[in-house]
Amino acid sequence: MISRRHLAGLALFGALAAGALGLAGCGKSGPAGETREPNEVRFSILSTESAASMGSYWAPILADMQKQTGLKVKPYFSSNYTTLVTAMQFKQTEVGWFSNLPGLDAVRRANGEVFARTFDPTGVDGYKSVLIVGAKSGLTLDKVLKCDRSLTFGIGDARSTSGTLAPITYLFAPKGIKPETCFKTVRSGSHQSNLFSVANGQLDVATNNSTALLLNAQRHEPQSQQVKVIWESPTLPEDPIIYRKDLDPAIKEKLRQFFLTYGQGNTPEAARQRANMAKINIGGFKPADETHLLPVREMEATQNWLLAKEGGDQAKIDAAKKALDAITAQRVALEARTRAPAAAQ
């Protein structure tokens, strides 16, 4: 969803947001030479929009987290997926809200552990990657896929699930299309910047996702009405919440309890908490584990198989297909186990 560059202003805003929450600490070493207390955790947040916007949406949730857990909670904002994974890898953060592909990177590279995941406030479990064009442009999917290098294209960060992985896996790669040879220019940007650019006529077509369009409409902003969707992916899994495996077990449990109870119940306090989450289109959190990432692993393996087929090396094709089949079998088995209890009720 995000630009590749890590805006310097994000770090500044993170510091300001932390100060606003009264979360300055001392003790163990932290990012950029900061000192940190033993009960301090740094929560990483993907800045899918401007840092100021994301900070205002997350500040009340982080304040509630601090109050309920008794921990000192500091935000760590970045617009770059790799930056967030690297921060967890080098213990600059302990817990974070990830999208699925960087979440998989965090598990593989940063000793991360999935313990919760979001769900949508509408009850629809999942979201979709989409391709958008100007509402009055007259562009259709067939016209876009002519690949005559006449159109400008906006794609997401290389590690974005809905901005890059899903459209490549489900749309472009199966048709043997490479965006860099299909379009006149290809520009990487956040979902917000791609939406605004298509709405303003600065890009002809771009990737996006259903959540970003919904939030834009809910905030009574005009851009979602100035574009139209010409393609959508199969449903993608909601976002995981991940903490480091080597985090103190007591802190893990405090964080787990916070997320799995936040916004639950029929009290005025629960309603206030749900209102906080609704601003970022989160209905609440459910328990999760590494199996939550099976769909994105399958997408990744599908892309690897398609690339191997393009290369023509039969040994590599067979190996990639074997890896894909193994992950697909895991997903199918998990879905069967999930359906069985529901059928028994």
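What counts as what
Residues numbered from 1 in each chain as written. Predicted model: local features only at pLDDT ≥ 70, side-chain atom pairs only at ≥ 80, totals over all residues. Heavy atoms only, no water. Helix = DSSP H or I, 4+ residues; strand = E, 2+ residues; numbered from the N terminus. Buried < 20%, exposed > 50% of the residue type's maximum accessible area, 1.4 Å probe, protein only. Polar contact = N/O pair within 3.5 Å; in protein donor to acceptor, adjacent residues only side chain to side chain. Contact = heavy atoms within 4.5 Å. Axes fitted to C-alpha atoms, helices over the stretch in contact; angles between N-to-C directions. Parallel < 35°, antiparallel > 145°, perpendicular 65-115°, else oblique. Left-handed = near helix turned anticlockwise from the far one by under 90°. Salt bridge = Lys/Arg side-chain N within 4 Å of Asp/Glu carboxyl O. Pairing = 2+ DSSP bridges. Disulfide = S-S within 2.5 Å.

Chemist: Teacher, can you tell me more about unusual backbone geometry here?
Modeler: The residue cysteine 147 is not glycine, and still its phi comes out positive at about 55 degrees. Locating cysteine 147 in the fold gives a position in the loop between α5 (141–144) and β8 (152–155). Note on cysteine 147: relative accessible area 23%, which makes it partly exposed. Phi is positive for arginine 149, close to 60 degrees, though the residue is something other than glycine.

Chemist: Which parts of the structure should I look at to understand the side chain of arginine 244?
Modeler: Turning to its location among the elements, arginine 244 is positioned in strand β12 (residues 240–244). On the basis of relative accessibility, which here comes to 6%, the residue arginine 244 falls in the buried class. A polar side-chain atom of arginine 244 sits 2.6 Å from the main-chain carbonyl oxygen of methionine 88. Polar contacts involving the side chain of arginine 244 include one to the side chain of aspartate 246, which spans 2.7 Å. Not counting chain neighbours up to four residues away, the residues in contact with arginine 244 comprise Met88, Gln89, Lys91, Thr93, Glu94, Ala110, Asn111, Gly112 and Lys252.

Chemist: Explanation requested: the packing of helix α3 (residues 81–89) against helix α4 (residues 100–109) in the structure shown.
Modeler: Angle between the axes and distance between the axes are the two parameters that describe a pair of packed helices. Two elements in contact, α3 and α4, have axes separated by 9 Å at closest approach and are oriented at 25 degrees. As the angle between them shows, α3 and α4 are arranged roughly parallel. Considering how the two elements wind past one another, α3 and α4 form a crossing that is right-handed. On α4, the residues touching Tyr81, Val85, Thr86, Met88 and Gln89 of α3 are Pro102, Asp105, Ala106 and Arg109.

Chemist: For this particular structure, what's the right way to read the pattern of salt bridges?
Modeler: Once their charged atoms are close, side chains differing in charge can pair, the charge on each being opposite to the other. Taken as a whole and assessed by the stated rule, the structure comprises 14 salt bridges. Across the salt bridge formed by arginine 256 and glutamate 253, the nearest N and O atoms sit 2.9 Å from each other. In this pair, arginine 256 and glutamate 253 are both assigned in helix α10 (residues 249–261), 3 residues apart and thus about one turn of the helix distant. On the basis of relative accessible area, arginine 256 is assigned to the partly exposed category, the value being 29%. Glutamate 253 sits in the partly exposed class, given a relative accessible area of 34%. Within the structure, one salt-bridge network assembled from shared partners comprises Asp64, Glu269 and Arg272.

Chemist: Explain the sheet that holds strand β11 (residues 227–232) to me, please; I cannot follow it from the model alone.
Modeler: Paired through their backbone hydrogen bonds, the strands of a sheet run either parallel or antiparallel. Ordered by their spatial adjacency, 5 strands build an open sheet running β9-β8-β10-β7-β11, and the pairing between neighbours is mixed. In this open sheet, the two edge strands, each paired with only one partner strand, are β9 (185–188) and β11. In this sheet, neighbouring strand axes are inclined to one another by 30 degrees on average, regardless of whether the strands run parallel or antiparallel. Two strands pair when backbone bridges link them, and β8 and strand β10 (residues 205–209) are joined in this way by 2 bridges, in the parallel orientation. Its bridge partner being in β10, glycine 154 is matched across the sheet by alanine 206. This element, helix α6 (residues 161–172), spans β7 (129–134), β8, β10 and β11 of the sheet and lies at about 110 degrees to β10. Its contacts with the sheet put helix α9 (residues 210–218) on β7, β10 and β11, and the angle it makes with β10 is roughly 85 degrees.

Chemist: I'm lost on the state of the cysteines in this one. Help?
Modeler: A covalent bond between the sulfur atoms of two cysteines is what we call a disulfide. By the definition in use, this model includes 1 disulfide. Linked covalently through their sulfurs, cysteine 147 and cysteine 182 form a disulfide whose S-S length is 2.1 Å. Where cysteine 147 bonds to cysteine 182 through sulfur, the torsion about that S-S bond is close to -85 degrees, and the disulfide is left-handed. Here cysteine 182 lies in helix α7 (residues 179–182) and cysteine 147 lies in the loop between α5 and β8, a separation of 35 residues in the sequence. By relative accessible area, cysteine 182 is classed as buried at 2%.

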